[in-house]
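Topology and contacts: notes
Residues per chain are reported as follows:
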Amino acid sequence: MTKPLILVSNDDGITAPGIRMLVEIARKIGDVVVVAPDSPQSGMGHAITIGNTLRLDKSIALHDLDVEAYECSGTPADCVKLAKFYVLKDRRPDLVVSGINHGSNSSISVLYSGTMSAAIEAAIEGFPAIGFSLCDYGHDADFSHAAEAVEQIIRGALKHKIPENTALNVNIPKKSEEKIKGIKVCRQAHAKWQEEFDERLDPNNRRYFWMTGNFVNFDKGEDTDEWALVNNYVSVVPCQFDLTAHHAIARLNNEWSF
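An account of the accompanying structure is given in this report.

Reading the values: rules and limits
Residues numbered from 1 in each chain as written. Predicted model: local features only at pLDDT ≥ 70, side-chain atom pairs only at ≥ 80, totals over all residues. Heavy atoms only, no water. Pairing = 2+ DSSP bridges. Helix = DSSP H or I, 4+ residues; strand = E, 2+ residues; numbered from the N terminus. Axes fitted to C-alpha atoms, helices over the stretch in contact; angles between N-to-C directions. Contact = heavy atoms within 4.5 Å. Phe/Tyr/Trp six-rings, centres within 6.5 Å; stacked < 30°, edge-to-face > 60°. Lys NZ or Arg CZ within 6 Å of the ring centre and 35° of its normal. Buried < 20%, exposed > 50% of the residue type's maximum accessible area, 1.4 Å probe, protein only. Polar contact = N/O pair within 3.5 Å; in protein donor to acceptor, adjacent residues only side chain to side chain.

Turning our eyes to something else, we now look at the sheet that holds strand E1 (residues 5–9). Reading across from one edge, E3-E4-E2-E1-E5-E6-E7-E11-E8 is the order of the 9 strands in this open sheet, with mixed pairing throughout. Where the open sheet ends on each side, the last strands, each with one partner, are strand E3 (56–58) and strand E8 (183–185). The average angle at which neighbouring strand axes cross in this sheet is 25 degrees, direction not considered. Relative to strand E5 (residues 95–102), helix H1 (residues 17–26) is tilted by about 145 degrees, and along the sheet it contacts E1, strand E2 (31–37), E5 and strand E6 (129–134). Helix H2 (residues 76–87) rests against E1, E2, E3 and strand E4 (68–72) of the sheet, and its axis sits at about 135 degrees to E2.

Moving on, we get to unusual backbone geometry. Of note, the amide linkage connecting Gly 99 to Ile 100 takes the cis form, showing an omega dihedral of -10 degrees. For Asp 66, which is not glycine, the phi torsion reads 60 degrees and is therefore positive. With respect to the helices and strands, Asp 66 occurs in the loop between E3 and E4. For Lys 161, which is not glycine, the phi dihedral falls at a positive 70 degrees. Assignment of secondary structure puts Lys 161 in the loop between helix H4 (147–160) and strand E7 (166–172).

In this structure the tally under the stated criterion is 2 aromatic pairs. On the basis of an interplanar angle of 20 degrees and a centroid distance of 6.2 Å, the ring pair of Trp 227 and Tyr 233 is categorised as stacked. Between Lys 89 and the ring centre of Tyr 86, over which it is positioned, the NZ or CZ distance is 5.1 Å. One residue, Lys 184, lies across the ring of Tyr 233, its end atom 4.7 Å from the ring centre.

What follows is about helix H3 (residues 114–124). Burial within H3 is extensive, with 10 of its 11 residues counted as buried. Among all positions in H3, only Gly 114, Thr 115, Met 116, Ser 117, Ala 118, Ala 119, Ile 120, Glu 121, Ala 122 and Ala 123 are buried. Here the buried face of H3 lies against E1, H2, E5, E6, E7 and strand E11 (234–240). Near the N-terminus of H3, the side chain that reaches the backbone nitrogen of Thr 115, with its oxygen 3.1 Å away, is that of Ser 113. Directly after H3, the chain includes Gly 126, whose backbone phi takes a positive value near 90 degrees.

As judged from the 11 bridges shared by strand E9 (residues 191–201) and strand E10 (residues 207–217), these two strands associate in the antiparallel manner. In the strand pairing of E10, Leu 201 is matched with Arg 207.

Now for H1. The buried fraction of H1 is high, at 7 of 10 residues. Residues Gly 18, Ile 19, Met 21, Leu 22, Val 23, Ile 25 and Ala 26 constitute the buried set of H1. Each element contacted by the buried residues of H1 is listed here: E1, E2, E5, E6 and H4.

This is the structure in structure tokens:
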């Protein structure tokens, strides 16, 4: 029986602990090819490299896991594009997985996420795709408790298929004494980052800014990813790349004089 082909990428870079765990899980299920950034690309969103060179080299970062691995100088979206058009060539992945990200990508963070952009790029290319994130920003974040849910979702995606033109945004609560309660399919919570900018001076007396801020959740619903994570569930949000606000079309046609 032929094993499924699983493409793995991320935004934290090919040496990140999260991608190592994701590869370890994926290789139990199928044949794995890794194409990931050669350095951290967090917060890059769906940026692509235009007007600059892109480099792609075989990587030894995951040599002990015995998988085909490449590191790319570009963004997560670049990695998926190069995987399709160069690395895989005539091979079609049965699934593309991205992560496991070092930090949450729930709610509005999905728009800024390089992790999810790799998954969305795969969905644009017609591949089933999932982005995985762990809600822990600590340098010593423990990913071990995420393995069971990640494997369950990967196997489910291969068995039941992901709806066309959709990528799954999966967020996993930070490890705690309480066991994860389960997995919930959710909607994206209505929330935002309330940014502040700390103004400073560098040694040459030139002004610069350091962005800080807090996450503000306006959504009280119990069907959101934020609710699920606070209540120690893994959240799964199906995401689409069609950003059309369909509900606004009729209003614009009725109220605006074009």
